[in-house]
Amino acid sequence: MAELSYRPWRAGDDQTLLQIWGDAEGPAAQQFRGELAPDAGADDDGGWRRCVVAEDLGIPVAAGVVYASALHPERLWAYVEVARDHRRRGVGAALLRRLREAALTAPGGPKGLRTKTADGSEGQAFALASGFAPLQRSRHVVVRPGTLKLPVFGDGSEEQSSQLVQDLATGSVELSDAVGRYYTSVHAWDPPAPLSVGRAQQLFLSDAAGAHGAVVLRAPAASAFGGAAPASKKGRLRAFAVSYASPLAVEPVVSGARGDEQPTEVLLGHDPKLEPDDARDAVRGLLALVAYQHPVLLEVDDSMEALRAAVDPLLAGGLADQMGPDTVILGD
């Protein structure tokens with residue numbers, strides 16, 4: 001094989017490479033392919049990016065990209081893909097070396113890299129062989145309707161239940177604050193930039209994000225004089241569930257009393273100030289509520305301890321289904 005040449009990405013490379021590469025090897029690869037584009041500076045739309053193409057006799061056969069994330073600024077995302085007939089020849093390593101050199105020029109100074117791939121994939125093996133280490137593991141899990149017993153909220157009365165379980169507008173400042181703090185707490189392994197209430201609302205609770213509705217679980221409201229608090233007084237927010245209008249297309253659909261249903265994507269979290277036992281109780285109770293009649297789709301990271309405590313027994317008992325392999329994030 002003749003020595004390959006390397007150059008920046010040019011318009012039209014995507015058409016050639018997609019024909020050579022074929023179908024993406026999973027959702028992570030498909031997402032990264034969307035980032036293959038001409039180089040961009042920090043002030044350009046889309047942020048800072050460097051993209052390198054490997055050519056064999058003038059034909060693109062591989063490409064790699066490294067780019068910044070405003071939400072997680074401490075590392076750069078990196079991705080390399082090589083045509084199957086050119087793998088295990090050092091092409092991927094050569095591209096990664098060039099991406100690491102480009103990372104030295106990133107805004108804010110040299111940065112480490114991170115990547116994402118399916119567990120057990122060639123991409124994971126390449127990343128590990130290239131010096132990346134696992135940072136986080138994530139799963140998509142469908143919880144079937146009625147698999148958790150519906151808990152009794154408070155004393156079980158309609159009045160107190162309505163105080164403890166409430167629909168909340170996705171534009172709520174209280175909800176945006178809780179979601180932002182929760183996201184930060186479960187991403188300590190790759191710290192996000194400071195999340196203002198407005199930024200959290202934009203990222204997770206806006207129409208653009210696909211947020212459709214939210215339900216929250218509250219603690220009983222405290223009365224300054226003892227006894228029951230007035231119905232108008234709200235207790236602190238313990239847990240939240242945000243549903244999204246456009247569910248992910250997953251197979252199989254879930255069969256239940258209401259027929260076959262596509263599960264609804266739900267972001268389920270809690271106030272990070274809760275004690276571990278309280279957080280597990282709140283998350284399990286809210287999950288039982290939102291999955292009582294309809295299947296829900298959850299993204300469960302290993303760092304989401306309270307959610308894992310609710311979901312893992314369901315998976316072990318065959319009452320929930322994992323969709324596809326684990327997704328692994330690896331980094332320097």
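One can find the structure itself at the top, above this paragraph.
Since the structure is predicted, the reported quantities are computational estimates derived from the model, not experimental observations.

Participant: It is not clear to me how the overall build of the protein chain should be interpreted in this structure. Could you clarify?
Facilitator: A tally of regular secondary structure across the protein chain gives 9 helices and 15 strands. Out of the 332 residues in the protein chain, the part that is buried amounts to 45%. Counting 32 positive and 43 negative side-chain charges, the protein chain places the averaged centre of each group 3 Å from the other.

Participant: How should I be thinking about the nonpolar core in this particular structure?
Facilitator: Core analysis: the biggest nonpolar cluster contains 49 residues, and Val-143, Phe-240, Leu-268, Leu-287 and Leu-298 have the highest contact counts within it. Setting aside chain neighbours within four positions, we find Leu-287 in contact with Val-143, Leu-148, Leu-268, Val-296, Leu-298, Ala-310 and Val-311. Counting 39 residues, the second largest nonpolar core, distinct from the first, contains Ala-29, Leu-36, Val-66 and Ala-127.

Participant: So what exactly am I meant to see when it comes to helix 9 (residues 305-316) here?
Facilitator: In an α-helix, one turn spans 3.6 residues, which is why side chains three or four residues apart end up on the same side. The first and last C-alpha atoms of helix 9 sit 16 Å apart over 12 residues, in line with the 16 Å expected at 1.5 Å per residue. Burial in helix 9 covers these residues: Ala-306, Leu-307, Ala-310, Val-311 and Leu-314. End-on, the buried residues of helix 9 take up no more than an arc of 110°, which puts them together on one face. For helix 9, exposure combined with an orientation more than 90 degrees from the buried face picks out Glu-305 and Ala-316. Looking at the buried positions of helix 9, the neighbouring elements they touch are strand 6 (133-143), strand 12 (264-270), helix 8 (276-290), strand 13 (296-301) and strand 14 (320-322).

About the criteria used
- Residues numbered from 1 in each chain as written.
- Predicted model: local features only at pLDDT ≥ 70, side-chain atom pairs only at ≥ 80, totals over all residues.
- Heavy atoms only, no water.
- Helix = DSSP H or I, 4+ residues; strand = E, 2+ residues; numbered from the N terminus.
- Buried < 20%, exposed > 50% of the residue type's maximum accessible area, 1.4 Å probe, protein only.
- Lys, Arg positive; Asp, Glu negative; His and termini not counted.
- Charge placed at Lys NZ, Arg CZ, Asp CG, Glu CD.
- Core = buried A, V, L, I, M, F, W, Y, C linked by side-chain atoms within 4.5 Å.
- Contact = heavy atoms within 4.5 Å.
- Expected span 1.5 Å × (residues − 1).
- Arc of directions from axis to C-beta.

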